[in-house]
Each structure stands twice: as C-alpha cells, then as structure tokens.
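# Per-entry structural report
Here is how the chains run, residue by residue.
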Amino acid sequence: MKLAKQLGAIAAGVAFHFAAVNAKPAKAAFVGAYDPSRWTLINIDADGYVNTSGVPAQIQLYGGDTNSNSPGTTDYKITAVADGVVKFKWNYLTEETGDGAAYDPFSFVKNDISTDIFSSPLETTGQGTYSTTVVAGDVFSFRVTTVDNRLGRGNVTISNFNAPVPEPLTIGGSVVALGFGWWLKRRQTAS
C-alpha cells in the first residue's frame, strides 16, 4: 500500500511537470513583460517620441521632424520573453501630404532586419494587422523612419498588441514537481 501511494505521488508529480513543459505561451498587451517601462525609445538623427497614455490598449509612435533635411529613425524596442507570435493592429497617419508615407514609412524590425509595413507614396493614412513569429531573446521594434526630417511627422498607433509570455503554469508546475520530488526523497530517506 505504501508503494502504491508513492507511485501515485510520483505519477502526479510527473504529470504536473509535463503539463508545465507542454504549456502554450500566454499573450500580453502593453502590460507585464511588455509594459512601456520595459521598452526602449531609440532616436537616431530624429526627435521622435512615444505616447503611452492609452496603455494597456495602445501606444502611439511618432517619427522625427527636426527640419534637418537628413534621414533618421525612431524605434520603440523590446526583447521577446517567450517563443510565439507577435501580432498587432496598426493605424498610420502622416502630416506630409505631398509625399505621403514614402517619406515617413512605418516598419517592424526583428533582430535588425526591417520589414516594411506601410510606405505608400500616395497615401497619408493606412491601417492593417501584422504578425510574425519570435523566439525568446529576439529583439523587435516598431519603427518610423524619416527620409528628410521635415514637413511633418509620420505616426502609428499600435493596438490589439499580443506577444508571447511564459505561461504561469510552466514555472509553477516545475516548482511543484521539483518540490514534490524533494519531499518524496526526504520521506524515503527518513523511512
């Protein structure tokens, strides 16, 4: 009977562990691991900024407009904390009516590789959704580039942002399994 109880307890511990290991990553808005305090705003030859007053639902990223007639970039950057899909809705607007988004394009950057999302030379507004896969440790950012740093800023509103975060069960289940194994070993030693 004692052996049956121990085997049952071991089986429960192993089940908790495998549930934790096979758990799917949870999703996050601009909270927790993806809270604005964890992001970095980087301007290179630009004076762009980010508005986080709509958090957790959305952020707004504004590109540069220094009147320098030189190119620049504004990135809002973070590191992925788990494997999975980054997905968001974007809504773009530029004040630059003559050249449209071609002079203030919006892109998504992952591990220094930029993917153009919106850069239409005839359009001043655009919207859509974007998704891509990431692995833990990937560095990604939203970017507004300015070709000339004049005649108005490009800006993009990012909403419905989802990015992978570790499932709480992964950590908790592993701790429970390890603790349970330690308890059984200790009990066995005491017998």
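Attention here is on the structure that accompanies the text. (Residues numbered from 1 in each chain as written. Predicted model: local features only at pLDDT ≥ 70, side-chain atom pairs only at ≥ 80, totals over all residues. Heavy atoms only, no water.)

### Remarks on the pattern of salt bridges
- This structure, assessed with the given rule, holds two salt bridges.
- In this structure, Arg153 engages Asp47 in a salt bridge whose closest nitrogen and oxygen atoms are separated by 3.1 Å. With Arg153 in the loop between strand 10 (139-146) and strand 11 (154-165) and Asp47 in the loop between strand 2 (40-44) and strand 3 (49-51), this pair connects stretches of sequence that are 106 residues apart.
- Overall, Arg153 belongs to the buried group, its relative accessible area being 16%.
- For Asp47, a relative accessible area of 31% puts it in the partly exposed group. (Salt bridge = Lys/Arg side-chain N within 4 Å of Asp/Glu carboxyl O. Helix = DSSP H or I, 4+ residues; strand = E, 2+ residues; numbered from the N terminus. Buried < 20%, exposed > 50% of the residue type's maximum accessible area, 1.4 Å probe, protein only.)

### Regarding the nonpolar core
- Phe88, Trp90, Phe140, Phe142, Ile158 and Phe161 are the most contacted members of the largest nonpolar core, which has 27 residues in total.
- Secondary-structure elements contributing two or more residues to this core are strand 4 (58-62), strand 5 (72-79), strand 6 (84-94), strand 7 (106-110), strand 8 (113-118), strand 9 (125-134), strand 10 and strand 11.
- In this structure, Phe140 is in contact with Tyr34, Trp39, Tyr76, Lys77, Ile78, Ala80, Val86, Phe108, Val109, Lys110, Val134 and Phe161, ignoring residues within four places of it in sequence. (Core = buried A, V, L, I, M, F, W, Y, C linked by side-chain atoms within 4.5 Å. Contact = heavy atoms within 4.5 Å.)

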